[in-house]
Amino acid sequence: MAKRNYETLIDRLHNIAAKPNAQLLQIGEFEACGKSYPMFCVRIGKDASAKKRVMINAGIHGDEPGGVEAALAFMDRIATADGLRDRFDFTVLPCNNPTGWERNTRENVNGIDLNREFNAPKPAPEAGIISKTLQGKCFDLIFEMHEDVDCPGFYMYEIAEDPAAYIGEQIIEAAESIGCPINRDECIEGTPAANGLIRPKIVKFRKTRLPLAIFAWRTCGGHVITLEPPVTGLSIEKRVQIQLIALTIALDSLAAAE
Ligand SMILES: [Zn+2]
């Protein structure tokens, strides 16, 4: 596979940021292979007061490009959708592992899985930049766009303080209705699962070397959804479609919970 080019992604972010009510912020920069990699956050929304705050994270695993494409597609859509910009304030970190994304590797160029670097004693620079960005923020919804490169079926993680807020079943049903196979194993990634749904007991979760979803939940609160559409057997368009459908369900549910 030809290497992806981070500069082209930066160009796409600039195009999104040129739309009304969108803002591209550089959140940090790191050096790798003699090159400098700026990292970005896109803020979209008219006025942050009294609106629901949503964070979207993508691309922490470089071999899960559908998440990055879904984040970009979503920003393209909302930057011109008044309804969404009026009701929500979006913070999007669209590509959290630039060197892995360029090389299509899960880990960064130094072989580090960034999704185990949160609250680490000496985190990789990318994780340090993301952590700093999260400090002092709170969100109503944290949406993590992953993909699974091994399993042939879709599954997802969900964390919510109030079980009444759960929307996992609805997302699984929607994914299935557009022809996505569901992973119905009773144990997925070493965690008990039911019908493609994992609701981890995070109270007992370890304190260091955290995945971003757990770290973000502990730092910023909110309802956390992590999607894992299968790379095997599904086109990237279909995987992006699943992410966008799930995000729409999550936003509708958030808007309804006044
Ligand atoms: Zn992943």
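Refer to the structure printed above.
From a predicted model like this one, the values you see are computed outputs, not experimental measurements. (Residues numbered from 1 in each chain as written. Predicted model: local features only at pLDDT ≥ 70, side-chain atom pairs only at ≥ 80, totals over all residues. Heavy atoms only, no water.)

Visitor: Provide a residue-level description of the packing of helix H1 (residues 6-17) against helix H2 (residues 65-78), including the pertinent values.
Guide: Two quantities define a packed helix pair, namely the angle between the helix axes and the distance between the axes. Where H1 meets H2, the axes come as close as 10 Å, and the angle between the chain directions of the two elements is 20 degrees. Here H1 lies roughly parallel to H2, going by the angle between them. Relative to H2, the crossing made by H1 is left-handed. Judged by residue contacts, Leu9, Arg12, Leu13 and Ile16 of H1 engage Val68, Glu69, Leu72, Met75 and Asp76 from H2. Grouping the amino acids of the contact of H1 with H2 by side-chain chemistry returns six nonpolar, no polar and three charged. (Axes fitted to C-alpha atoms, helices over the stretch in contact; angles between N-to-C directions. Helix = DSSP H or I, 4+ residues; strand = E, 2+ residues; numbered from the N terminus. Parallel < 35°, antiparallel > 145°, perpendicular 65-115°, else oblique. Left-handed = near helix turned anticlockwise from the far one by under 90°. Contact = heavy atoms within 4.5 Å. Nonpolar A, V, L, I, M, F, W, Y, C, P; charged D, E, K, R; others polar.)

Visitor: Tell me about helix H7 (residues 212-220), residues and numbers included.
Guide: Counting buried positions along H7 gives seven out of nine residues, so the element sits mostly inside the fold. Burial in H7 covers these residues: Leu212, Ala213, Ile214, Phe215, Ala216, Trp217 and Cys220. Packed against the buried residues of H7 are strand S3 (52-58), helix H5 (125-134), strand S5 (141-145), strand S6 (155-159) and strand S10 (223-228). Looking at the residues trailing H7, positive phi occurs at glycine 221, about 70 degrees. (Buried < 20%, exposed > 50% of the residue type's maximum accessible area, 1.4 Å probe, protein only.)

Visitor: I'd like to hear about the coordination of the zinc ion, residue by residue, with values.
Guide: Bound to the zinc ion on the protein side are His61 (ND1), Glu64 (OE), Glu64 (OE) and His146 (ND1), at distances that span 2.0 to 2.3 Å. For the zinc ion, the four donor atoms in the first shell make angles of 57 to 149 degrees at the metal, so the coordination geometry reads as irregular. Between consecutive donors of the zinc ion, the numbers of intervening residues give the motif H-x2-E-x81-H. Taken together, the residues span a long stretch of sequence, with glutamate 64 in the loop between S3 and H2 and histidine 146 in the loop between S5 and S6 at a distance of 82 residues. For histidine 146, a relative accessible area of 6% translates into the label buried. (Donors = N, O, S within 2.8 Å, 3.2 Å for Na, K, Ca; no water. Tetrahedral: all angles 85-135°; square planar, octahedral: opposite > 155°, others 65-115°.)

Visitor: Explain the nonpolar core residue by residue, including any values.
Guide: Residues Phe90, Phe143 and Phe154 are the most contacted members of the largest nonpolar core, which totals 81 residues. At ten residues, helix H8 (residues 236-256) tops the list of elements feeding residues into this core. Apart from residues no more than four positions distant in its own chain, phenylalanine 90 is found in contact with Val42, Arg43, Ile44, Val54, Ile56, Phe74, Ile78, Leu84 and Leu251. If you look at the next biggest cluster of nonpolar residues, it comprises six residues, including Cys151, Tyr155, Ile188 and Ala193. (Core = buried A, V, L, I, M, F, W, Y, C linked by side-chain atoms within 4.5 Å.)

Visitor: I'd love a proper account of the sheet that holds strand S4 (residues 88-93), names of residues and values included.
Guide: Strand pairing in a sheet relies on backbone hydrogen bonds. The paired strands run either parallel or antiparallel. Pairing is mixed across the open sheet formed by eight strands, whose spatial order is S1-S2-S4-S3-S5-S10-S6-S9. The sheet is open, and its two borders are formed by strand S1 (22-32) and strand S9 (197-198), each paired with just one other strand. Note that S6 and S10 share five bridges and pair antiparallel. When the bridges of S10 are listed, tyrosine 157 appears paired with threonine 226. The sheet strands contacting H1 are S1 and strand S2 (35-44), and the helix crosses S2 at an angle near 25 degrees. Where H5 meets the sheet, it contacts S1, S2, S3 and S4, and its direction lies at approximately 145 degrees from that of S1. (Pairing = 2+ DSSP bridges.)

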